[in-house]
There are 2 protein chains.
Amino acid sequence: MAFSYEHARPALAVDCVVFGLDDEDLKVLLIQRGVDPFQGKWALPGGFVRIDESVDEAARRELAEEAGITRVFLEQLYTFGAVARDPRDRVVSVAYYALVKLSDHRVVAATDAREAAWFAASELPSLPFDHDEIVGKALARLQGSVRYRPIGFELLPQKFTLTQLQRVYETILEKTLDKRNFRKKVLGTGLLLELDEVEQDVAHRAARLYMFDKKRYRELEKDGFLFEI
Amino acid sequence: MAFSYEHARPALAVDCVVFGLDDEDLKVLLIQRGVDPFQGKWALPGGFVRIDESVDEAARRELAEEAGITRVFLEQLYTFGAVARDPRDRVVSVAYYALVKLSDHRVVAATDAREAAWFAASELPSLPFDHDEIVGKALARLQGSVRYRPIGFELLPQKFTLTQLQRVYETILEKTLDKRNFRKKVLGTGLLLELDEVEQDVAHRAARLYMFDKKRYRELEKDGFLFEI
């Protein structure tokens, strides 16, 4: 390979902010570090990019290896490139954020013998490296995107009630929304499929279940349709 | 340094999409490549990240070295990490986009003996590497951001007319806007300072000049103010 760039190269890593939502609040998945630096500290799942995989593939691989999480919504967030962000060496990290259905991922499989656990986003421990900053940026992105892209559905089971959907938005946006107005807006998108089913095993009156019409959204998106809630 | 990561590392580069706006259209700055691969082809300015500079610093340095451009609006766009995006070697590129006042940068200083020139965004030559994709992503980001962040002002001289401002939005959004409605919206933000000056050297009736009140915007932004046009 005739390539003249033989200077010292920064190492390249990926880090993932994985969001889930349970009955109480927005959660973030953390991994207990098995090695120094910061051994024993909770941190974001991540690792180094291999020479023969794309950066996106590295993020998916690390999520699978460290948390047993596959086939989820995953998007690139931002690249963190400060010189001294890692005490070991020059490491640049491409951060991603993922949205998972907690019902599918309540039990986290930590395959390489490290602990993994969900923490409330509002009560995270202090994280090593610049992981606090990465989580902050991911939260801001989520709050900025949820009203303009149909990503809130990624946090819900496939079939959900309008009350559950409203709680997704209220939790992410950290504010109470008017029920009537919210329902008008979400139903007005024309993207909710009303099912011939109601919730099961609830003490209160069982509510109607809905699904997000992803196929129709993809079609509308091509025509420049703007989702807004 | 006790650091066990000694695998092959991807090289890390930056590439910059520099936008400017003249009387006719949106322009992108390209550099004629001085070396192989793609010697002689027009491409985005960029280069490798040095071990002792942040990724942001690398982008600013490359812009200064390759185009003589300093002190401009510059933001990270996206990191392009496909395995085969560079025929020489594994190179991951952190892309940035910059907005410049063309009046300040009409003459581009190519310091390392390479040609630099502005091309209409709608008529770019086919670019090497994945630079077409990078430009496409930058255009989409610009179109998606201009209505919600006061970045359009970065493309204008410090003092501008409302007609010039409208043309910025029309050029970026690629559509005609209603004059009355546009003026109502921009003046309604409370962020335009009406100056006691009018345009000079124009054949038509000289129009009022305005400035963007950046200081006030910074204050409002802290309180969660949302810019929208």
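Whatever comes next refers back to the structure up there.
Here is a short report on the structure shown in this document. (Residues numbered from 1 in each chain as written. Chains lettered and ligands numbered in written order. Predicted model: local features only at pLDDT ≥ 70, side-chain atom pairs only at ≥ 80, totals over all residues. Heavy atoms only, no water.)

**Regarding the packing of aromatic side chains**
Residues and elements named next belong to chain B. Taken as a whole and assessed by the stated rule, the structure comprises 21 aromatic pairs over all chains. Judged by centre distance (4.9 Å) and plane angle (80 degrees), the ring pair of Phe38 and Phe129 falls under edge-to-face. Note that Phe38 is positioned in the loop between strand E2 (26-32) and strand E3 (42-43) and Phe129 in the loop between strand E7 (116-120) and helix H3 (131-145), a separation of 91 residues in sequence. For Phe38, a relative accessible area of 30% translates into the label partly exposed. Residue Phe129 is classed as buried on the basis of its relative accessible area of 18%. The interplanar angle of 75 degrees and the centroid separation of 6.5 Å between the aromatic rings of Phe153 and Phe227 together place this pair among those described as edge-to-face. Placement of Phe153 in the loop between H3 and helix H4 (162-173) and of Phe227 in the segment after helix H6 (214-222) is noted, with a sequence separation of 74 residues between them. (Phe/Tyr/Trp six-rings, centres within 6.5 Å; stacked < 30°, edge-to-face > 60°. Helix = DSSP H or I, 4+ residues; strand = E, 2+ residues; numbered from the N terminus. Buried < 20%, exposed > 50% of the residue type's maximum accessible area, 1.4 Å probe, protein only.)

**Remarks on the pattern of salt bridges**
All names here are of chain A. On inspection of all chains with the given rule, the structure shows 33 salt bridges over all chains. Linking Glu53 and Arg61 is a salt bridge whose minimum nitrogen-to-oxygen distance equals 2.7 Å. The pair Glu53 / Arg61 is uniform in exposure class, with both members buried. Within the structure, one salt-bridge network assembled from shared partners comprises Arg50, Glu53, Arg61, Glu62 and Glu65. (Salt bridge = Lys/Arg side-chain N within 4 Å of Asp/Glu carboxyl O.)

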